[in-house]
Amino acid sequence: MLAAQAAADSAVMEDIELLVRLVEIRDVTPPAVSPDGDHVAFSVIEASVETNAYVVTWFVAPTDGSSAPRAVHEGGDLRIQDGFPHAGRAAWS
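Right, let's talk about the overall build of the protein for a bit. Secondary structure assignment for the protein yields 1 helix and 7 strands. Starting at the N terminus and walking to the C terminus, you meet the elements of the protein as α-β-β-β-β-β-β-β. Counting every position in the protein, which comprises 93 residues, the buried fraction comes to 23%. Within the protein, counting contacts between residues at least 6 apart in sequence, those at least 24 apart form 31% of the total. Summed over its atoms, the accessible surface of the protein is roughly 7,000 Å², and 58% of this surface lies on carbon and sulfur atoms.

Here it is, written out as structure tokens:
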């Protein structure tokens, strides 16, 4: 009986972990290419089950793929449109 309960508990935990992964999907905003064409900026919006909030992280990456995207800022305002969060678009100045 204890083995059956342990197996059931394990299955429930796996289901919960799957649900958390499904909810914490990342959304990548459209990229903005730098004026010289060497870099691209974009943001990633992720729902956090732990904090019950959306987290926005801004990235910059070389367009030639020579290195991984680098996080340059976390945070920013989100607007809700059609029930989904949207970050502002990246822009170069």
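On we go.
A few words on the side chain of T29. With respect to the element layout, T29 can be found in the loop between β1 (26-28) and β2 (32-33). Under the relative-accessibility criterion, T29 is labelled buried at 8%.

Here we take up the pairing of strand β4 (residues 53-62). Among the 10 residues in β4, 7 count as buried, and that is most of the element. Across 10 bridges, the pairing between strand β3 (residues 39-48) and β4 is antiparallel. Within β4, the position partnered with A41 by the bridge is V60. As consecutive antiparallel partners, β3 and β4 are separated by 4 residues, and within that stretch N52 has a phi angle of approximately 55°, a positive value. In the sheet, β4 pairs with strand β5 (residues 70-74) via 4 bridges, with the strands oriented antiparallel. By the bridge assignment, F59 is partnered in β5 with A71.

Residue placement: F42 occurs in strand β3. Owing to a relative accessible area of 15%, F42 belongs among the buried residues under this scheme. Taking the C-alpha atoms as reference, F42 lies 5.8 Å from W58; in sequence the two are 16 residues apart. Contacts of F42, omitting those with residues within four sequence positions, involve V28, T29, P31, T57, W58, F59, A61, P69 and A90.

Moving on to the environment of A91. In this fold, A91 is placed in the segment after β7 (84-87). A relative accessible area of 70% means that A91 is categorised as exposed. Along the sequence, A91 and V40 sit 51 residues apart, while their C-alpha atoms lie 9.6 Å from each other.

We now examine the nonpolar core. Ranked by size, the top nonpolar core spans 7 residues in total: A32, A41, I45, V56, W58, V60 and A90. Ranked by residues supplied to this core, first place goes to β4 with 3 residues.

Time to look at the pairing of β3. Of all 10 residues making up β3, 8 are buried, and the element is well covered by its neighbours. By the bridge criterion, 3 bridges tie β1 to β3 in an arrangement that is antiparallel. Paired with D27 across the two strands is I45, which belongs to β3. Hairpin connection between β2 and β3: a loop of 5 residues separates the two successive antiparallel strands, and G37 in this loop has a positive phi of roughly 80°.

Analysis parameters
Every residue gets a number counted from 1 within its own chain, in the order that chain's sequence is written. Per-residue local features of the predicted model are confined to residues with pLDDT of at least 70, and side-chain atom pairs are confined, for both listing and counting, to 80 or more; whole-chain, interface and lining totals are unaffected and use all residues. Side-chain numbers here rest on the full set of heavy atoms in the structure, without hydrogens or water. Put simply, DSSP H or I for four residues or longer makes a helix, DSSP E for two residues or longer makes a strand, and each gets a number counted from the N terminus. Burial classes: relative accessible area under 20% of the type maximum marks a residue as buried, over 50% as exposed, and values in between as partly exposed (1.4 Å probe, protein chains only). Residue contacts are defined here by distance: any two heavy atoms, one from each residue, within 4.5 Å place the two residues in contact. The Shrake-Rupley method, run with a 1.4 Å probe sphere, supplies the accessible areas, and residue values consider only the shown protein chains as cover. Two strands form a pair only when DSSP identifies at least two bridges running between them. We define a nonpolar core as any set of buried Ala, Val, Leu, Ile, Met, Phe, Trp, Tyr and Cys residues linked to one another through side-chain atoms lying within 4.5 Å.

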